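Breakdown of the fold
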Amino acid sequence: MTQTLAAAIAAIQDVWLSLQVAGQPAVKAAPAQPTESMTQFPFVVTYPARARVTPMAGWTKSVVTLYTEFHMGRNILPRNVEVAIAYYEPFLDALRADITLGGSVDAIAGDIRAEFGYLEWAGEKHVGWRFEIDVKQQGG
């Protein structure tokens, strides 16, 4: 697989799409490109947050922080919080099982950081997870 930022984002979205908890799919929508609004819950969006790039003679090393957000609606808040929390370990287990994200990166670099709580998308308030994942890519 080609190591591009788009490939790394697609690989993380694929992890979410393949994830199941108690025989149920983790997400109903995980688009390759975020859309203005999402109507199916739970949904996941993954996008770049920041990067550190080290250019050298003939090659470049970059570490990109990706945000991947697992969104649940707030309509039945206690139930939706419970559902969202259940995906924490399975998602991390899936990342640990393939730290190259299908060859789209050299490796997941360092710690994966997670925050649970309020999320917003397209002006709507949701609840869920934001994971910060640093991915390392090197190439010429």
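An account of the accompanying structure is given in this report. (Residues numbered from 1 in each chain as written. Predicted model: local features only at pLDDT ≥ 70, side-chain atom pairs only at ≥ 80, totals over all residues. Heavy atoms only, no water.)

Looking now at the pairing of strand S3 (residues 43–56). Where S3 meets strand S4 (residues 59–72), 13 bridges bridge the pair, whose relative direction is antiparallel. Among the inter-strand pairings, Ala51 is bridged to a residue of S4, identified as Val64. (Pairing = 2+ DSSP bridges. Helix = DSSP H or I, 4+ residues; strand = E, 2+ residues; numbered from the N terminus.)

Under the counting rule described, the total for this entry stands at 5 salt bridges. Here Arg130 and Glu69 are joined by a salt bridge, their closest N and O atoms 2.7 Å apart. Residue Arg130 is found in strand S7 (residues 124–139), and its partner Glu69 is found in strand S4; the two are separated by 61 residues along the sequence. When salt bridges that share partners are traced, they join Arg50, Arg113, Glu132 and Asp134 into one network. (Salt bridge = Lys/Arg side-chain N within 4 Å of Asp/Glu carboxyl O.)

With that settled, consider the packing of aromatic side chains. Applying the stated criterion to the full structure yields 12 aromatic pairs. Considering the side-chain rings of Trp16 and Phe91, the 4.0 Å spacing of their centres and the 10 degrees angle between planes classify their relative orientation as stacked. On the criterion of sequence distance, the pair formed by Trp16 in helix H1 (residues 5–18) and Phe91 in helix H3 (residues 88–97) is long-range, its members being 75 residues apart. Phe91 carries the same exposure label as Trp16, and that label is buried. Seen from their ring centres, Phe91 and Phe131 are 4.7 Å apart, and the 50 degrees between their planes marks the pair as tilted. With Phe91 in helix H3 and Phe131 in strand S7, the pair connects residues that are 40 residues apart, well separated along the chain. Just as Phe91 is buried, Phe131 falls in that class too. Members of the aromatic cluster, connected to one another through ring pairs, are Trp16, Phe70, Tyr87, Tyr88, Phe91, Phe116, Trp129 and Phe131. (Phe/Tyr/Trp six-rings, centres within 6.5 Å; stacked < 30°, edge-to-face > 60°. Buried < 20%, exposed > 50% of the residue type's maximum accessible area, 1.4 Å probe, protein only.)

In short, shape yes, function no, at least from these values alone.
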